[in-house]
Number of protein chains: 8
Amino acid sequence: MDPTVLRELLEGVRRGSVDVEAAAERLSRPPFVDTPGGRFDTHRALRQGIPEVVYGERKTAGQIVDAARVLREAGQAVLATRVTADKAEQVREQLPEMDYDEVARLLWLGPEAVPDVGKGLILVVTAGSADLPVAAEAVGVARRFGNRVELLQDVGVAGLHRLLASIDRIREARVLIVVAGMEGALPSVVGGLVDKPVIAVPTSVGYGVGAGGFAALLGMLTSCASNVSCVNIDNGFGAAHVATLMNRL
Amino acid sequence: MDPTVLRELLEGVRRGSVDVEAAAERLSRPPFVDTPGGRFDTHRALRQGIPEVVYGERKTAGQIVDAARVLREAGQAVLATRVTADKAEQVREQLPEMDYDEVARLLWLGPEAVPDVGKGLILVVTAGSADLPVAAEAVGVARRFGNRVELLQDVGVAGLHRLLASIDRIREARVLIVVAGMEGALPSVVGGLVDKPVIAVPTSVGYGVGAGGFAALLGMLTSCASNVSCVNIDNGFGAAHVATLMNRL
Amino acid sequence: MDPTVLRELLEGVRRGSVDVEAAAERLSRPPFVDTPGGRFDTHRALRQGIPEVVYGERKTAGQIVDAARVLREAGQAVLATRVTADKAEQVREQLPEMDYDEVARLLWLGPEAVPDVGKGLILVVTAGSADLPVAAEAVGVARRFGNRVELLQDVGVAGLHRLLASIDRIREARVLIVVAGMEGALPSVVGGLVDKPVIAVPTSVGYGVGAGGFAALLGMLTSCASNVSCVNIDNGFGAAHVATLMNRL
Amino acid sequence: MDPTVLRELLEGVRRGSVDVEAAAERLSRPPFVDTPGGRFDTHRALRQGIPEVVYGERKTAGQIVDAARVLREAGQAVLATRVTADKAEQVREQLPEMDYDEVARLLWLGPEAVPDVGKGLILVVTAGSADLPVAAEAVGVARRFGNRVELLQDVGVAGLHRLLASIDRIREARVLIVVAGMEGALPSVVGGLVDKPVIAVPTSVGYGVGAGGFAALLGMLTSCASNVSCVNIDNGFGAAHVATLMNRL
Amino acid sequence: MDPTVLRELLEGVRRGSVDVEAAAERLSRPPFVDTPGGRFDTHRALRQGIPEVVYGERKTAGQIVDAARVLREAGQAVLATRVTADKAEQVREQLPEMDYDEVARLLWLGPEAVPDVGKGLILVVTAGSADLPVAAEAVGVARRFGNRVELLQDVGVAGLHRLLASIDRIREARVLIVVAGMEGALPSVVGGLVDKPVIAVPTSVGYGVGAGGFAALLGMLTSCASNVSCVNIDNGFGAAHVATLMNRL
Amino acid sequence: MDPTVLRELLEGVRRGSVDVEAAAERLSRPPFVDTPGGRFDTHRALRQGIPEVVYGERKTAGQIVDAARVLREAGQAVLATRVTADKAEQVREQLPEMDYDEVARLLWLGPEAVPDVGKGLILVVTAGSADLPVAAEAVGVARRFGNRVELLQDVGVAGLHRLLASIDRIREARVLIVVAGMEGALPSVVGGLVDKPVIAVPTSVGYGVGAGGFAALLGMLTSCASNVSCVNIDNGFGAAHVATLMNRL
Amino acid sequence: MDPTVLRELLEGVRRGSVDVEAAAERLSRPPFVDTPGGRFDTHRALRQGIPEVVYGERKTAGQIVDAARVLREAGQAVLATRVTADKAEQVREQLPEMDYDEVARLLWLGPEAVPDVGKGLILVVTAGSADLPVAAEAVGVARRFGNRVELLQDVGVAGLHRLLASIDRIREARVLIVVAGMEGALPSVVGGLVDKPVIAVPTSVGYGVGAGGFAALLGMLTSCASNVSCVNIDNGFGAAHVATLMNRL
Amino acid sequence: MDPTVLRELLEGVRRGSVDVEAAAERLSRPPFVDTPGGRFDTHRALRQGIPEVVYGERKTAGQIVDAARVLREAGQAVLATRVTADKAEQVREQLPEMDYDEVARLLWLGPEAVPDVGKGLILVVTAGSADLPVAAEAVGVARRFGNRVELLQDVGVAGLHRLLASIDRIREARVLIVVAGMEGALPSVVGGLVDKPVIAVPTSVGYGVGAGGFAALLGMLTSCASNVSCVNIDNGFGAAHVATLMNRL
């Protein structure tokens, strides 16, 4: 249950537009729904500020459809991450009202425009063009969570002038998400330029000792700029979640 | 140079209490100072919101004394981390006006009371008593950076009732720092209870496969609560820096 | 040879229903059978309490058929693990009397109902829906070994209320198997709630530093609940074997 | 609070030997005690079957003394693990009634004889003499928890006759703890000889690729005997805890 | 050039059956042949006792054909390892006189019977049936290098009676190759039973922490039987080479 | 912008053949080009001596075509690495003037002959024939960057005579690139024979503990010949870049 | 019991010089001795060709003295490895008849001259002078086991002429032990020069990625000379054991 | 033998100032010297451009004295690395003519001024003050090898203005050595600013995942600036050797 939905329900009771019995029934449901596909946490938005999101990686199209229906029934927005184009196609055969972004691999159902509840700009910065899919996930998720978001691409540290040319936008941001693979040095450089928290996202872009994103992750965890914290490799979603909560502070 | 110092200087010029020439000289200094011990970044407070802090681990007492003097000269607060009791003793023979906290291993020079510039409470939570030194570093640093900070100790996940007994304090916090060694599960549980960002700090407390804190770090990076971001093992200082910037948002 | 089969044989000799020569021949067979596909250990049930089980991962359908026939000849129940749907199909073309469970990837031949020789309930608990295949293997194997087994799904630590809602079932169990991927924190939390042994099974569910299940494994080995022991990643079978022996104590 | 203590208290109330008010006060205490050294979990024995044990590795003698007093006040047995001889000496200067075992590094306070509440024999088996300290910890802890325990030493797999000479004792045990460093092969061999659960404890005995006990741990996790589960390296205490709960089944 | 070929050539010169000029030309060739596919070492048999063998893993069928022709021209036996069935088929379309063993993935050209130049029996022992391909490579290569070889399969340590039933064959061997995956304990047990050198070959058979064969490798390197030496994971060929040289001592 | 292009432009202005306005427009462009596919660094040749090269691994054919056009517009040579044959085919359908080398996986557009601006010979040496693709990348890139390059193949350390037979060519080189997989010993041996810098390139050729090229990398980093420096696994391109800059010194 | 001792005993019985009862008593002892310090394997020489050797690393001087007495009583030669100078001093206060070699850290008791029962020369080769302690252990142990042994020092691959200057001695050896740290390349080069088995011993000599000897170990396991097998890091003793058994073939 | 010494000798013969017999004797010495401490490579300067250097880490003071004497006898300059202050003191008691630099841990014997045989400036750049010892080793060694060297300290990437303030000196250098710990990002940034080869040296400065220097090493190997090559962690000596050879090109 979403805090807004909860407030509207109680407001309806106060105004008499909602029947007491109906409201009581609605509120006495347990804070989760048991389905064959799992136990859905329908009170997460109340507890954690954002609703449960469907992690699509290991789910079949059928499981995603079921999850979407459960969440919609519970009065929640529906968002699924890491959904391949093929799987999205299958889901939309059954739920054609869902939208899909192939680069970000996001699938969602909800109001076209999300009210902007963040207090400032979230800037997502990438080191190279291969980091785009992870950055796009962060951008898309943060937008669905009600933030103003911009993307600054391809400003890796081996060509500092590309980064410094955008210094004003960097300093304007309220929260920064910096996405990089290879040696993962970009969050250190960006962190050194701002007085805002920087969320670093290593990507699995790389080969040799860079394969899998571990070099980038280690680089970010040992960043000499101490305003940097880190999420798991390729975890654009987690970065967007953390950034959203920061942007609401 | 600290933003407050900068504003006071300009204000002094406006009011006539500061000579234009003196102000010009002060402002035309380069943004760092070269000393035999290194090139100090004296404009960090302007750029990153907090001043350069002395990392004491590999420095001799003499190097810390020199650094303290350079920073004081530059009109900055002085804070040194990871200073052992022995080394602190040596430093204070030369700079007796410095204060020291042995558990947190912090050494500082500055006004006794720091004005509270954060907007809410930073709560530092630990899983076990062995995590205290890292938590104390986070508490001490965050206080020196102008935050209201509280400590909630010893609420590891194997005894959930200890954690749940403090649920109100946990939900009151504006920013949470969760410090844990071993399997590092506490940030996941805390993250699931709040709608605020959680900064996870793994500690090097553990033995066998837990030695060095890597198990805790991996646990935090793979947290199933997605409002968790992570800093390096034992990095109480970095957590306090990030939390401070969040608390100013 | 199964202890029950052995006792029936000797009982038959005592009652005269089994010929002494036939029994002698039966008992003088060596404790294994050499076949082109390997040396089968036909006395394992006598030594270890459960019969040899066919590990299907690297075997062809033909090898599984041969193994099934050898074991059946030796008077043993037949159970094969990690058999894909395709391979199972091929095996059942030759041995249509075998049963198959696709989620658990188990294939078996034997009496429909297995007598319940365990002394209590084995509860299999999972953190997320992606852990189901491993949990299903544990459930299916433990049932074939004569235990009463229940499954509690999707109660990961980021939504504690889902777990606490089932606290009575958790406390009722005689032995618990807890299956989790990602940070593997669930066994610590469950272990802290019960006075029974907890068998932890890490799963290879995860990405980035969670890929392959190593983070979950490390989390379980360093659990702050000390009534937890651990088996290999994805080893639902081993967990069921250990739980079975515990449940017979 | 210990289940026995709880029952005696209620029995005293029933018989009138305990005042209702006193019993009520005693029972209304919260399930933990907050001290400067941490939040002690005084209800663990009720929840997990054994009381909280003090992990001595990172504690000063003073902290151990404080913990011992808190636990004694709460009516619990006191047991501290990983206490070096020096530290034990300091503790006993203040609490001379405590006993100490140097090989096992255990320190305890309590009745000389612990009633045997286990149902059978726990056999602790070691591969080599260097594994003794870990095995001794397991033996000592399991005895304090009320089990009959025996030790079978130095029966590593490179000299099978030493192991096979003790086969009867091995088969007599109700629960087995097998302690080994180096390649950690002993649990596989022992597991293949019994129909009981085997708890494997890797030790940090070894050099080169065996250093730290990781080779032994991997060997135990991949054991071809599937009745083996595993605890962390050198975790004799955890093995004794798990074995105790099994022995009470 | 093979030592036998060299001796025959010189013997021919002595007897006059070989022309001095022809022999001189033959002997003045450089000790390698440069081809587009690489520089073949045609004197390896003289230096190292066995001829250059073609490692087929990364070679195309065409490259294997070319190599076979170069080696045949140089008067050497031809043996290629790690050749898949498909690739072997393609090679044999051009060189139908080559023989192929699918399990061992060996392809060779040469006399049907190789004279037995070893002094005793090489026994290849496997722990489980999944280790067969690596063992078969060792058997096949050792036979082509002129040894008497036998295979003892499926005698893993969890069923010691299977191993002990073959103790006489084990003690008869002059050199032993022990092939095992999982925890790799078999070489330790076999090593403890014989006074001969044991060559351990870890296999990549396993899953979870056993994946890739690293657990088996570590187990073999830390073997408590010190008459064990080790080759790379899945390196049946190397084991056969070492065993061949030992068997000629 | 290439230094040569820059000089020609200015020379044109001096001679009057280039209009001042046109030159000014050309020179006032920013040092990068923003495209949907990324921000191209068009001044890299001025800063780093070689122009930006397109890393083809994660790019689609379409992205490579776009990049090629941007670079050509900016007056730069176009070179793309790690382009598979399929992808190259698709690119050449749109840009048929591009050349392709399948072994080296290089795709380029530019003058057929590149002026030789290096001062000596770059010799690329390989240990085995499987290292050829990486070596070919180094050869091809170094040629496109204006160097005289030769290739010495298949001279691994297990057959020293093959290496020593080419000692004169090795000593003639001004810069050496040594490419090896497996144990990566060749750079140590070559380094010990020359007084020139040796650039070591580990390859991912190998299996078991050699898989992925890590053993080779470690061998090269710990080389007992101290005139060896190292690049990432399979990084023939980086080796060629470094060698080019050395060869221009 | 040593095979020689056994034969002499039986010979004595045959000749009448040994009483039948005494011989019977002697032969009916179990094949191990239980002492407080462990279960000694007194039949190892019969089974494995060499007697049990005392691994001194984790033993106190007192434990070594006890072990020496047990072994002497059992009629065996006494040899202890990894004994530091201090510990050796303490042992010799009680057993002054023991000999000690400080470089090799070996302590032994036995006949001054050991009969040479090997069939040829064992050559121990080292890459650098820091490898000497491990090589000295191998030399000393092999001598005590009855071999002719020589040492060739400091012939690492970065100075090939030092190695090639000793080619005749290298080719004369019947068995080679090659000891190297850093990149561990020497066994590959030596292996390529001989037709004998090469036992590679990595040493923990190195720093950075070479620390602990892992780079050397990986280099040896992936050696391109396939007549190389490997023992654990710093395991000079194991190499000598394997070489001894080879030299008796 | 040094090339200069060789030329002077031959020149002396030509001029008659050196006796033919004496020159012949001098030239007929083998290219190494066997001493109890090892086989010294006295022709390295001829082969590799710089003479053999004594690696002091595992050598006693006595071994260093012996080595110094052998090298001096052979007419070579003497340089020892990684010599602690204590050890240096002991060496200088016997060889008081040696010089010592405590920060760089270098000990040498030779002409006070070394002729400058390099063609340009080698610039050594460090990220933080803790990197100084490794940088000082590089500076000292490069000076002893005849180069002009400068040091630019403490210009880590989190404070870019410190680095950019020195851009002219960075661009003036002919060869750059960049020394950094933590995330090791500095070589990428410096590499992006110059058209010269950059030699990256990771240092073991760091804690948590940065401990030992592995994060820095991985960062440097995966640098997005491709003109960077890398040496082992803390290998200031190797960097100086490579830089010296480059500077002579």
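Residues numbered from 1 in each chain as written. Chains lettered and ligands numbered in written order. Predicted model: local features only at pLDDT ≥ 70, side-chain atom pairs only at ≥ 80, totals over all residues. Heavy atoms only, no water.

Colleague: So what's going on with the overall build of chain A? Residues and values would help.
Modeller: Scanning chain A from terminus to terminus reveals 11 helices and 11 strands. Since a compact globule built from 249 residues should have a radius of gyration of about 18 Å, the 20 Å found for chain A is in line with a globular shape. Looking at chain A as a whole, 62% of its 249 residues are labelled buried. Surface exposure of chain A reaches about 8,900 Å², of which carbon and sulfur atoms provide 52%. Averaging the coordinates of the 26 positive side-chain charges in chain A and doing the same for the 30 negative ones gives two points 5 Å apart. (Helix = DSSP H or I, 4+ residues; strand = E, 2+ residues; numbered from the N terminus. Rg over C-alpha atoms; globule rule 2.2 N^0.38 Å. Buried < 20%, exposed > 50% of the residue type's maximum accessible area, 1.4 Å probe, protein only. Areas by Shrake-Rupley, 256 points an atom, 1.4 Å probe, with all protein chains shown as cover. Lys, Arg positive; Asp, Glu negative; His and termini not counted. Charge placed at Lys NZ, Arg CZ, Asp CG, Glu CD.)

Colleague: Before we move on, can you summarise the arrangement of the chains with the specific residues and values?
Modeller: For chain D and chain F, which are not in contact, the least C-alpha distance works out to 13 Å. Across all C-alpha pairs, the smallest distance from chain B to chain G is 17 Å, and the two are not in contact. (Contact = heavy atoms within 4.5 Å.)

Colleague: How would you explain helix H5 (residues 85-94) of chain E if you had to name every residue and give the values?
Modeller: Residues and elements named next belong to chain E. Within the sequence span of H5, burial applies to Lys-87, Ala-88 and Val-91. With its buried residues spanning 100° around the axis, H5 presents them on a single face. For H5, the exposed residues set more than 90 degrees away from the buried face come down to Asp-86 and Glu-93. (Arc of directions from axis to C-beta.)

Colleague: Any chance you could break down the sheet that holds strand S4 (residues 78-81) of chain D for me, citing the residues and the numbers?
Modeller: All names here are of chain D. Within the open sheet, the 4 strands sit side by side as S3-S4-S6-S5. Their pairing is mixed. Looking at which strands have only one partner, the edges of the open sheet turn out to be strand S3 (54-55) and strand S5 (99-101). Where S4 lies against strand S6 (residues 106-109), 3 bridges are found, and the strand directions are antiparallel. Note on S6: the bridge partner recorded for Val-78 is Leu-109. (Pairing = 2+ DSSP bridges.)

Colleague: I'd love a proper account of the interface of chain A and chain B, names of residues and values included.
Modeller: At the interface, 31 residues of chain A touch 31 residues of chain B. Interface area for chain A against chain B, summed over the two sides, is near 2,600 Å², with a carbon-plus-sulfur share of 62%. Taken as a group, Leu-221, Ser-226 and Leu-249 of chain A account for 24% of the area that chain A buries against chain B, more than any other trio of residues on that side. On the surface where chain A and chain B come into contact, there are 0 salt bridges. Linking chain A to chain B there are 4 residue pairs in polar contact (both at pLDDT 80 or more). At the level of elements, helix H3 (44-48), helix H10 (214-221), strand S11 (228-230) and helix H11 (236-248) of chain A are the ones that each hand at least two residues to the side of chain A that touches chain B. Residue contributions to the side of chain A that touches chain B peak at 6 residues, all from H11 of chain A. Each residue belonging to the side of chain A that touches chain B can be placed in one class, and the counts come to 15 nonpolar, 11 polar and 5 charged. (Buried area = accessible area lost by both parts, 1.4 Å probe. Salt bridge = Lys/Arg side-chain N within 4 Å of Asp/Glu carboxyl O. Polar contact = N/O pair within 3.5 Å; in protein donor to acceptor, adjacent residues only side chain to side chain. Nonpolar A, V, L, I, M, F, W, Y, C, P; charged D, E, K, R; others polar.)

Colleague: Mind laying out the interface of chain D and chain B, listing which residues take part and the relevant values?
Modeller: Between chain D and chain B, the contact holds 20 residues from the first and 19 residues from the second. For the chain D and chain B pair, buried surface summed over both sides reaches about 1,400 Å², with 51% attributable to carbon and sulfur atoms. Together, Arg-39, Arg-58 and Asn-232 of chain D form the three largest contributors to the area buried by chain D at its contact with chain B, with a combined 41%. At the boundary of chain D with chain B, the tally comes to 4 residue pairs in polar contact (both at pLDDT 80 or more). Residue assignment for the side of chain D that touches chain B shows that the elements contributing at least two residues are strand S2 (38-41), helix H3 (44-48) and helix H10 (214-221) of chain D. Of the residues that constitute the side of chain D that touches chain B, the class distribution is 7 nonpolar, 5 polar and 8 charged.

Colleague: Please provide a residue-by-residue account of the domain arrangement of chain A, values included.
Modeller: Residue and element names in this part refer to chain A. Assigned domains of chain A: these are domain 1 (49-109) and domain 2 (121-248). Look at where the C-alpha atoms of domain 1 and domain 2 centre, and you get two points 25 Å apart. Between domain 1 and domain 2 lies a buried interface of about 1,000 Å² when both sides are counted; carbon and sulfur atoms form 71% of it. For domain 1, the biggest contributors to the area lost against domain 2 are Ile-50, Arg-82 and Val-103; these three give 42% of the whole. Taken together, the connections running from domain 1 to domain 2 amount to 1 salt bridge. Glu-137 serves as the salt-bridge partner of Arg-82, at 4.0 Å between the closest nitrogen and oxygen. Counting across the interface, domain 1 meets domain 2 through 1 residue pair in polar contact (both at pLDDT 80 or more). Of all elements in the fold, only strand S4 (78-81) and strand S6 (106-109) reach the threshold of two or more residues within the side of domain 1 that touches domain 2. Considering only residue class, the side of domain 1 that touches domain 2 consists of 7 nonpolar, 2 polar and 1 charged. (Domains from an automatic or database assignment.)

Colleague: How would you summarise the pairing of strand S6 (residues 106-109) of chain H if you had to cite specific residues and measurements?
Modeller: All names here are of chain H. Side chains Leu-106 and Trp-108 of S6 all project onto a buried face; the interleaved residues Leu-107 and Leu-109 project onto the opposite face, where all are buried too. Both strand S5 (residues 99-101) and S6 contribute to a ladder of 3 bridges, which runs antiparallel. Residue pairing across strands places Asp-99 opposite Trp-108, the latter belonging to S6. Where S5 hands over to S6, the hairpin turn is made up of 4 residues, of which Arg-105 adopts a positive phi near 55°.

Colleague: Just give me the short version of the pattern of salt bridges, but keep the residues and values in it.
Modeller: When the charged atoms of two side chains with opposite charge come close together, those side chains can pair. Scanning all chains against the criterion turns up 48 salt bridges over all chains. Among the ionic pairs, Asp-195 of chain G bridges to Lys-196 of chain G, the shortest N-O distance being 3.0 Å. Assessed through its relative accessible area of 32%, Asp-195 of chain G is described here as partly exposed. Linked by salt bridges that have partners in common, Glu-57, Arg-82 and Glu-137 of chain A make up one network.

Colleague: I'd like a description of helix H4 (residues 61-73) of chain B, backed by residues and values.
Modeller: All names here are of chain B. The terminal C-alpha atoms of H4, which comprises 13 residues, lie 18 Å apart, in line with the 18 Å expected from a rise of 1.5 Å per residue. Within H4, the full set of buried residues consists of Ala-61, Ile-64, Val-65, Ala-67, Ala-68, Val-70 and Leu-71. Where H4 is buried, its residues contact strand S1 (32-35), strand S2 (38-41), strand S3 (54-55), strand S4 (78-81), helix H5 (85-94) and strand S6 (106-109). (Expected span 1.5 Å × (residues − 1).)

Colleague: So, the relation of the copies chain A and chain B: which residues are in play, and what are the values?
Modeller: Expressed as a screw operation, the relation of chain A to chain B combines 0.0 Å of axial shift with a rotation of 180°, fitting to an RMSD of 0.0 Å. Viewed as a symmetry operation, the transformation between the two copies matches a two-fold axis. Taking C-alpha positions as reference, the residue of chain A nearest the rotation axis is Cys-230 of chain A, located at 2.5 Å. A shared interface surface links the copies, since 100% of the contact residues of chain A are contact residues in chain B too. (Least-squares fit on C-alpha atoms with pLDDT ≥ 70 in both.)

Colleague: A description of the confidence of the model for chain A should follow, citing residues and the corresponding values.
Modeller: The share of residues in chain A with pLDDT of 70 or more is 92%, and the mean pLDDT across the chain is 89. Both confidence scores are given for the complex: pTM 0.92, ipTM 0.89. (pLDDT = per-residue confidence, 0-100.)

Colleague: Explain the relation of the copies chain D and chain B to me, and be specific about the residues and the numbers.
Modeller: After a rotation of 90° and a shift along the axis of 0.1 Å, chain D superposes on chain B with an RMSD of 0.1 Å. Taken together, the rotation and translation relating the two chain copies correspond to the operation of a four-fold axis. Among all C-alpha atoms of chain D, that of Gly-212 of chain D lies closest to the rotation axis, at 8.6 Å.

Colleague: Before we move on, can you summarise the sheet that holds S6 of chain B with the specific residues and values?
Modeller: Residue and element names in this part refer to chain B. Spatial strand order, S3-S4-S6-S5: 4 strands in an open sheet with mixed pairing. The open sheet has two free edges, formed respectively by S3 and strand S5 (99-101), since each of these has just one partner strand. Running over the sheet, helix H6 (residues 132-144) touches S4 and S6 and is turned about 15° from S6. (Axes fitted to C-alpha atoms, helices over the stretch in contact; angles between N-to-C directions.)

Colleague: Describe the nonpolar core, and please don't skip the residues or the numbers.
Modeller: Leu-186 of chain B, Leu-186 of chain C, Leu-186 of chain F, Leu-186 of chain G together with Leu-186 of chain H are the most contacted members of the largest nonpolar core, which totals 269 residues. Beyond its immediate sequence surroundings of up to four residues, Leu-186 of chain C is in contact with Val-125, Thr-126, Ala-127, Val-155, Val-157, Leu-163, Val-178 and Ala-180 of chain C. (Core = buried A, V, L, I, M, F, W, Y, C linked by side-chain atoms within 4.5 Å.)

Colleague: Outline the packing of helix H4 (residues 61-73) of chain E against H5 of chain E, listing residues and values.
Modeller: Residue and element names in this part refer to chain E. With their axes 9 Å apart at the nearest point, H4 and H5 run at an angle of 50° to one another. Compared by their axis directions, H4 and H5 come out oblique. Between H4 and H5 the crossing geometry is right-handed. Side by side, H4 and H5 meet where Ala-61, Ile-64, Val-65 and Arg-69 of the first sit next to Lys-87, Gln-90, Val-91 and Gln-94 of the second. Looking at the contact of H4 with H5, its residues break down into 4 nonpolar, 2 polar and 2 charged. (Parallel < 35°, antiparallel > 145°, perpendicular 65-115°, else oblique. Left-handed = near helix turned anticlockwise from the far one by under 90°.)

Colleague: Would you mind going over the environment of Ala-180 of chain F in detail, with residue names and values included?
Modeller: Residue and element names in this part refer to chain F. Locating Ala-180 in the fold gives a position in strand S9 (residues 175-180). Judged by relative accessible area, which is 1%, Ala-180 ranks as buried. For the pair Ala-180 and Leu-10, spaced 170 residues apart in sequence, the C-alpha to C-alpha distance is 45 Å. When sequence neighbours within four positions are dropped, the list of residues in contact with Ala-180 reads Ala-127, Asp-131, Leu-186, Val-201, Pro-202, Thr-203, Ala-216 and Met-220.

Colleague: So what's going on with the packing of aromatic side chains? Which residues, and what values?
Modeller: Considering all chains together, one arrives at 16 aromatic pairs over all chains under this definition. Ring centres 6.4 Å apart and planes at 70° place the aromatic pair Phe-145 of chain E and Phe-237 of chain E in the edge-to-face group. A residue pair is termed long-range when its members are at least 10 positions apart, and Phe-145 of chain E in the loop between helix H6 (132-144) and strand S8 (148-152) and Phe-237 of chain E in helix H11 (residues 236-248) qualify at 92 residues. Residue Phe-237 of chain E is classed as buried on the basis of its relative accessible area, which comes to 14%. In this arrangement the basic side chain of Arg-82 of chain G is found over the ring face of Tyr-207 of chain D, its NZ or CZ atom lying 4.1 Å from the centre. (Phe/Tyr/Trp six-rings, centres within 6.5 Å; stacked < 30°, edge-to-face > 60°. Lys NZ or Arg CZ within 6 Å of the ring centre and 35° of its normal.)

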